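# Residue-level structural notes
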Amino acid sequence: MPAKPRTPALRTRLLVAVLGPLLAAAILIGVVGATLIADVVRRTNDRVLGGALGAIAETVQVERGEVTLDLPAAAFGMLENTERDNVYYRVAVGNDLLTGYADLPAPDPATLAIDVPRYRFARYRDQQIRIAEVRRALPRIDKPVIVQIAETLDNRGALTRRLMLALLIGECVLVGAAALLLRPALGWSLRPLARLRGAVEARDERARPDFSRLDTGPLPSELRPLASAFDRLLAQLDTATVGVRRFTADASHQMRTPLSVLKVQVALARRGSDAERREALDEIADVAVRLERLVTQLLALARAEEAGVSAPLEAVDLREVASAVIARQINQAIRAGVDLVLESDVQTQYMVSGHRTLIFEILSNLIDNGIRYNRRGGMVSVALQADDAQIAVVVADDGPGIAPAYREKVFDRFVRLGTANSPEGSGLGLAIVRSAATRLTATVGFVDVDRGTAIVLRFAPPLS
């Protein structure tokens, strides 16, 4: 046999199902966190850089028509940090350098708004720098005054890395703690499933099959449908087992008498005279016929009471089935001296929802009873009836009939109401009829008539 593909354990699947989204969320949080950290570091340092720019710009004055500048030491002190970033500045009037680093990247004055600081990144002396710059408009000075201050990015990079490392450590601790705590948490969560498994496995330790409901205690809502489905399966198995046991008991009980007769007749045939042997052989043949009929009826009853899921109902032509049953049993009626007739309206469709085999079995048993327990010269009629609510078939005979007090009892198994002179029977015919009708969702019952017996089988018409 080919090896079955291995399926991961439920605990592993749950761990993956929980940790997978958790890792995805951690990655997403890391990306968003990195973006936020970079933005916060930039804004924070820009604020300090902008403060230093404002302190320098405020000292730019006009004295005697000339632009003067008094660089405050505090402006540069604001930019001091542990990473010892380099600080550069430049103050120019138009294209004329007033003070600072002449090669510091200069902006286009037309792009700067007056007294509105602007920040940008640039490359200077093989280093990445951040520049803060502002344009001043001074009285009696036609040229724009550009004030710039810049710093290298070592401190910004170090602060960003520290914050990112802290974020990464926090996420790793969170995911690791979740992974460690999830396994015992999943064990606790799966405990009801283990209890359900234990309840099922406990049945293996019992000598006799136990099909009672599982005793699992309270279960979570997710496991209740599984337990209910298993209980229904146990109930079906119990019904099937009971049916098998009952069939076996019925068969052994009903076959015991014919088999005993066979043994006696065989013994007589062995040591008797020729006449006795012929009589014994006739008796053996009769018993064999009765035994064959009994086995056939027991099998029919087993099929009618078969547990489990029935095959889907199908549209069945009731007139066609009734005609087939009559054609099969007409010889029996002729031998018994009984007329067998079918009454139906040729213009009417008698279509019902059911199983042809079961309907055939029902009509066969009803007609057989009508012929078997009728008088010579009697009649058995099979009448088909149809209206908007239902379709029915009535099997009636003019035999001795059944008293109303016994009409329900005759549907039980092995119940026979005949006298000592009545034909041999097993008492299974009407039990088969009721059981098969139940499987067809049809109803069966007696109809009051002046003479004989009339049994009606009612079907709901199929949906068109």
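What counts, and where the lines are drawn
- All residue numbers refer to position in the chain's written sequence, counted from 1.
- Reporting in this predicted model follows two pLDDT cut-offs: at least 70 for local features of residues, and 80 or more for side-chain atom pairs to be given and counted; totals over whole chains, interfaces and linings ignore these cut-offs and use all residues.
- By convention in this description, side-chain values take in all heavy atoms of the structure and omit both hydrogens and water.
- Each helix is a run of H or I in the DSSP string that is no shorter than four residues. Each strand is a run of E no shorter than two, and both are numbered from the N terminus.
- Accessibility here uses a 1.4 Å probe with only protein chains present; expressed as a share of the type maximum, an area under 20% marks a residue as buried, one over 50% as exposed, and anything in between as partly exposed.
- Contacts are residue-level and defined by heavy atoms, with any inter-residue pair within 4.5 Å sufficient.
- Per-residue and other accessible areas follow the Shrake-Rupley method at a 1.4 Å probe size, with only the shown protein chains counted as cover for residues.
- An axis is simply a line fitted to the C-alpha atoms; with a helix, the fit covers only the stretch in contact. Between two such axes, the angle follows the N-to-C directions and lies from 0 to 180 degrees.
- Angles are sorted into four bins: roughly parallel if under 35 degrees, roughly antiparallel if over 145, roughly perpendicular if 65 to 115, and oblique for all others.
- Left-handed describes a crossing whose near helix is turned anticlockwise from the far helix through less than a right angle; right-handed describes the clockwise counterpart.
- Three categories are distinguished: nonpolar for Ala, Val, Leu, Ile, Met, Phe, Trp, Tyr, Cys and Pro, charged for Asp, Glu, Lys and Arg, and polar for the others, with Gly belonging to the last.
- How far a helix is expected to stretch is found by multiplying one less than its residue total by 1.5 Å.
- The angle between axes fitted to the seven-residue stretch ending at a residue and the seven-residue stretch beginning at it gives the bend at that residue.
- What is meant by a nonpolar core is a set of buried Ala, Val, Leu, Ile, Met, Phe, Trp, Tyr and Cys residues, joined one to another through side-chain atoms within 4.5 Å.
- Should DSSP find at least two bridges between two strands, the strands are taken to pair.

## Looking at the overall build of the protein
When its secondary structure is counted, the protein shows nine helices and 14 strands. Put simply, the protein has 464 residues, and 35% of those count as buried. Pairs at least 24 residues apart make up 65% of the contacts formed inside the protein by residues separated by at least 6 positions. Summed over all atoms, the accessible surface of the protein reaches about 27,700 Å², with 57% contributed by carbon and sulfur.

## Brief notes about the packing of helix 7 (residues 318–336) against helix 8 (residues 356–372)
For the pair helix 7 and helix 8, the least separation of the axes is 9 Å and the interaxial angle reads 30 degrees. Regarding the angle of helix 7 to helix 8, the classification is roughly parallel. Pair helix 7 / helix 8 crosses with right-handed handedness. Residues L318, E320, V321, A322, A324, V325, I326, R328, Q329, Q332, A333 and A336 of helix 7 pack against R356, I359, F360, L363, S364, I367, D368 and I371 of helix 8. The residue makeup of the contact of helix 7 with helix 8, split by class, is 13 nonpolar, three polar and four charged.

## Quick notes on the environment of A437
Checked against the element boundaries, A437 lands in helix 9 (residues 429–439). For A437, a relative accessible area of 1% puts it in the buried group. With 75 residues separating them along the chain, A437 and I362 place their C-alpha atoms 7.6 Å apart. Ignoring anything within four residues of it in the chain, the contact list for A437 reads I362, A442, V444 and L457.

## Remarks on helix 3 (residues 154–189)
For helix 3, with 36 residues, the first-to-last C-alpha span of 51 Å sits near the 52 Å given by 1.5 Å per residue. Remark: the principal bend of helix 3, roughly 30 degrees, maps to L182, with a proline, P184, within the next four residues. Residues of helix 3 that are buried include every one of N155, R156, G157, A158, E171, V175, A178, L182 and L186, and no others. Taken together, the buried residues of helix 3 touch helix 1 (10–58), strand 6 (127–136) and strand 7 (145–152).

## Brief notes about the nonpolar core
Residues L318, I359 and F459 are the most contacted members of the largest nonpolar core, which totals 38 residues. If you list the elements that add at least two residues to this core, you get helix 7, helix 8, strand 11 (379–386), strand 12 (391–397), helix 9, strand 13 (443–446) and strand 14 (453–459). Take this core: its biggest share by element is eight residues, from helix 8. Contacts of I359, omitting those with residues within four sequence positions, involve V316, L318, V321, V352, L440 and F459. L49, I56, V87 and V93 belong to the second largest nonpolar core, which has 21 residues in total.

## Here we look at the sheet that holds strand 6
The five strands lie next to each other as 4-3-7-6-5, forming an open sheet whose pairing is antiparallel. Unpaired on one side and paired on the other, strand 4 (96–100) and strand 5 (118–124) mark the two borders of the sheet. Direction aside, the axes of adjacent strands within the sheet are offset by 25 degrees on average. Bridging between strand 6 and strand 7 involves eight bridges; their strand directions are antiparallel. When the sheet's bridge partners are listed, A132 is paired in strand 7 with I149. On the sheet, helix 1 packs against strand 3 (87–93), strand 5, strand 6 and strand 7 and is oriented at approximately 45 degrees with respect to strand 6.

## Concerning the pairing of strand 7
A large share of strand 7 lies buried, amounting to eight of its eight residues. The alternating pattern of strand 7 places V145, V147, I149 and E151 on one face and I146, Q148, A150 and T152 on the opposite face, and all of these are buried.

## Topic: unusual backbone geometry
Of note, the phi angle at R84 is positive, near 50 degrees, even though the residue is not glycine. Within the fold, R84 resides in the loop between helix 2 (73–77) and strand 3.

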